[in-house]
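# Summary of structural features
Chain residues, written in single-letter form:
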Amino acid sequence: MCKEYDVVVIGAVAIGTSVAYHLAKAGYSTAILERGDVASGSSSHCDAVALICDKLPGIDTKMGQASIDYFAEIADEFEYDFEYVPKGCLYVCETQTEFDAASDYCAKQNADGYALRMVGREELCEMEPHIAKDLAGALYTPESGAIAVSPYKLCFAFIHEGRKYGLECYTYCDITKINLDAKTNQVESIETNYGTIKTKRIVNCAGAWAPFVGKLTGLTIPIEPRKGTNLVSEQTERLCNHKILEYGYMLSKFDSINFKRKVSPLVEEQNIAFNLEYTPSNNLLVGGNRLFRDYDIRSEIETLKAISERALRFFPELADIKCIRAYSGVRPFVIDHLPIVSDVDSIPGYYIAAGHEGDGICFSPVTGRFMEQIISGKPTDFDISKLDFARFS
Amino acid sequence: MSTELSDDMIVCRCEEVTVREIKEAIHEGARDIVGVKRRTRAGMGLCQGRTCEKLVQQILVQELGIHPKEAGTSSARPPVRPVTFGELAKGEVL
């Protein structure tokens, strides 16, 4: 029996499930293929927040805000609870130098209309009673620009809601071949362990693994795996009231930002940027770092040590709280820190939505909406030409 | 293990997950220990599945008719037992 769909989405994590949901909702007969279980990729190996304040001013922040606004709508609309929590975020500055740099960033975002503001040491200590008392202050992002969701429940939610519009989900699916028309290069079908699936359109949402799917049709997709690690605490009292990040996070994410922190060689070498959040289950997530380790997501002891060391600088009481687990995952890194949300000129019917690095959860809802608009030939909500795949040619 | 498990029995004590919830997760598409864990939190608590993993495996085997090996195990991740962040930072336990 040969199956046939209007669109086939590859990869059932935060981006793919959102894309599939939006296409099914728009009336396309849609299938989503996943080589493992739903949410078994990067979306179950990351943290849980969506922020505007970890983005560069411009399209990066604009997409973040659009997605955060959209999260509020779908949290209300969806039957499946993906643990949406408005949270607020504090970007803590260890020194006056960091505070000044954060103030410049804040001014730029304010000029674009985003309601961020700087808070001094005293106000920071009132907002976060357990934080170290000698910090310079923080950049505060209100709940309108900083929320949390369960990243893997988000994937289950999109599948659950998508099924109401006829979405079909194939897990443990191996793709062996993608067939193109010999003359036009038009997408024709996909060969899998479920048999041949006929379709004129495929969307590659395989995240850090998108290059492997790309190779099946000779496409070079410039995405690399970048490893991140988080530690999980025992269930404990709420040590923090907001998502907490150190301003040095910008350092670990963007190499264009040029300043040095006074940290130990281990913290430096491990590219640690402290971040902390509590989860609805009352565990704390303590992070984090970014390292290139190919696809190896084994936990590294030196990373655990360095994250703990850095975390104690900001929240000394963590010293007596227990760590029960550490986990790592790969984020799909693109050199210009922007995802690819695009069609592909050389292969009619081939689309890519991948390369969101640490923003896959944050950008998930809006990416799904953009991809439906691109496939339907509608104008996108705003100009996303910077996300075009053609920028690499 | 071949005892009959009642649906109301708590399998994961740390997260208070029942046999019924695990069966529902399997019905929703979980095929292994990790799939059950992501859908129910079984094995995500303080003991990290030490107590319940074998029981979850038994339910998977019964419900799906698979070999225990196919149910897999939770990914092995440090620390092996809970240690404080203070101890971790000092490297005393590493």
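Residues numbered from 1 in each chain as written. Chains lettered and ligands numbered in written order. Predicted model: local features only at pLDDT ≥ 70, side-chain atom pairs only at ≥ 80, totals over all residues.

### Observations regarding the overall build of chain A
Scanning chain A from terminus to terminus reveals 10 helices and 21 strands. Relative to its length of 393 residues, chain A is compact, with a C-alpha radius of gyration of 21 Å against a globular reference of 21 Å. A principal-axis box enclosing the C-alpha atoms of chain A has dimensions of 65 × 45 × 40 Å. Relative to its full complement of 393 residues, chain A shows a buried share of 55%. Restricting to contacts in chain A with at least 6 residues of sequence separation, those with at least 24 account for 75%. (Helix = DSSP H or I, 4+ residues; strand = E, 2+ residues; numbered from the N terminus. Rg over C-alpha atoms; globule rule 2.2 N^0.38 Å. Buried ≥ 20, exposed ≤ 12 C-beta atoms within 10 Å, placed from the backbone. Contact = placed C-beta atoms within 7 Å.)

### Re the overall build of chain B
From N to C terminus, chain B includes 4 helices and 3 strands. Listing every helix and strand of chain B by position from the N terminus yields β-β-α-α-α-β-α. For chain B, with 94 residues in total, the buried portion stands at 39%. A separation of at least 24 residues holds for 47% of the contacts in chain B among residues at least 6 apart in sequence.

### Side note on the interface of chain A and chain B
Taken together, the contact pairs 26 residues of chain A with 19 residues of chain B. Counting residues per element, the side of chain A that touches chain B draws most heavily on helix α9 (residues 301-314) of chain A, which supplies 7 residues. Taken together, the residues of the side of chain A that touches chain B sort by class into 14 nonpolar, 5 polar and 7 charged. Looking at chain direction, strand β19 (residues 322-333) of chain A and strand β3 (residues 83-84) of chain B are connected through 2 bridges and run antiparallel. (Nonpolar A, V, L, I, M, F, W, Y, C, P; charged D, E, K, R; others polar. Pairing = 2+ DSSP bridges.)

### A word on unusual backbone geometry
Note the cis peptide between G287 of chain A and G288 of chain A, where omega equals -10°. Inspection of the secondary structure puts G288 of chain A in strand β18 (residues 284-289). Looking along the chain, the bond that leaves P78 of chain B and enters P79 of chain B is cis, with omega of -5°. Note on placement: P79 of chain B falls in the loop between α3 (53-64) and β3. Although it is not a glycine, Y172 of chain A adopts a positive phi angle of roughly 50°. With respect to the secondary-structure elements, Y172 of chain A resides in the loop between β10 (168-170) and β11 (175-180). Judged by local crowding, Y172 of chain A falls into the partly exposed class, with 14 C-beta atoms found within 10 Å. Its identity as a non-glycine residue notwithstanding, E16 of chain B has a phi of 50°, on the positive side.

### Overview of the environment of C89 of chain A
All names here are of chain A. Mapping C89 onto the fold places it in strand β6 (residues 89-93). Residues C89 and R313, 224 residues apart in the sequence, show an inter-C-alpha distance of 18 Å. Excluding anything up to four places from it in sequence, C89 contacts L51, C53, T141, A146, H242, K243 and L245.

### Considerations on the sheet that holds strand β4 (residues 49-51) of chain A
Residue and element names in this part refer to chain A. Strand order in the open sheet formed by 3 strands is β4-β9-β5, with antiparallel pairing between adjacent strands. Each edge of the open sheet carries a strand with a single partner, namely β4 and β5 (85-86). On the sheet, helix α2 (residues 59-77) packs against β4 and β9 (146-148) and is oriented at approximately 130° with respect to β4. (Axes fitted to C-alpha atoms, helices over the stretch in contact; angles between N-to-C directions.)

### Some details on the domain arrangement of chain A
Residue and element names in this part refer to chain A. For chain A, the assigned domains are domain 1 (3-45 + 152-222 + 336-392) and domain 2 (89-141 + 224-333). A C-alpha centroid distance of 32 Å is found between domain 1 and domain 2. With 11 residues of domain 1 at the interface, the matching set in domain 2 holds 13 residues. A breakdown of the residues in the side of domain 1 that touches domain 2 according to their chemical character gives 3 nonpolar, 7 polar and 1 charged. (Domains from an automatic or database assignment.)

### Observations concerning the packing of helix α1 (residues 19-27) of chain B against α3 of chain B
Residues and elements named next belong to chain B. Closest axis-to-axis distance for the α1/α3 pair is 10 Å, and the angle between their directions is 50°. Classed by the angle they form, the pair α1 and α3 counts as oblique. The two elements α1 and α3 meet at a crossing, and its hand is right-handed. On α3, the residues touching V19, I22, K23 and I26 of α1 are V56, I59, L60, E63 and L64. (Parallel < 35°, antiparallel > 145°, perpendicular 65-115°, else oblique. Left-handed = near helix turned anticlockwise from the far one by under 90°.)

### With respect to helix α3 (residues 96-111) of chain A
Residues and elements named next belong to chain A. Relative to the 22 Å expected for 16 residues at 1.5 Å per residue, α3 spans 22 Å between its end C-alpha atoms, a close match to the ideal helical length. Along α3, the residues that are buried comprise E98, F99, A102, Y105 and Q109. Along the axis of α3, the buried residues cluster in a sector spanning 125°; they form a single face. In α3, the exposed positions angled more than 90 degrees off the buried face are occupied by Q96, D104, A107, N110 and A111. Buried residues along α3 sit against α2, β6, β7 (117-120) and β8 (137-141). G113 occupies a position one or two residues after α3 and carries a positive phi of about 95°. (Expected span 1.5 Å × (residues − 1). Arc of directions from axis to C-beta.)

### Things to note about the pairing of strand β16 (residues 243-246) of chain A
Residues and elements named next belong to chain A. Both faces of β16 are covered, namely the face carrying K243 and L245 and the face carrying I244 and E246. Relative to strand β17 (residues 272-278), β16 runs antiparallel, the two being bridged by 2 bridges. Counted as the bridge partner of L245 is N275 from β17.

### Topic: the sheet that holds strand β13 (residues 195-199) of chain A
Residue and element names in this part refer to chain A. Read from one edge of the open sheet, 4 strands run β1-β13-β12-β11, paired in mixed fashion. Of all strands in the sheet, those bounded by a partner on one side alone are β1 (3-5) and β11. The mean angle between the axes of side-by-side strands here comes to 20°, regardless of whether they run parallel or antiparallel. Here 4 bridges tie strand β12 (residues 187-192) to β13, and the two strands are oriented antiparallel to one another. The residue of β13 that forms the bridge with T192 is G195.

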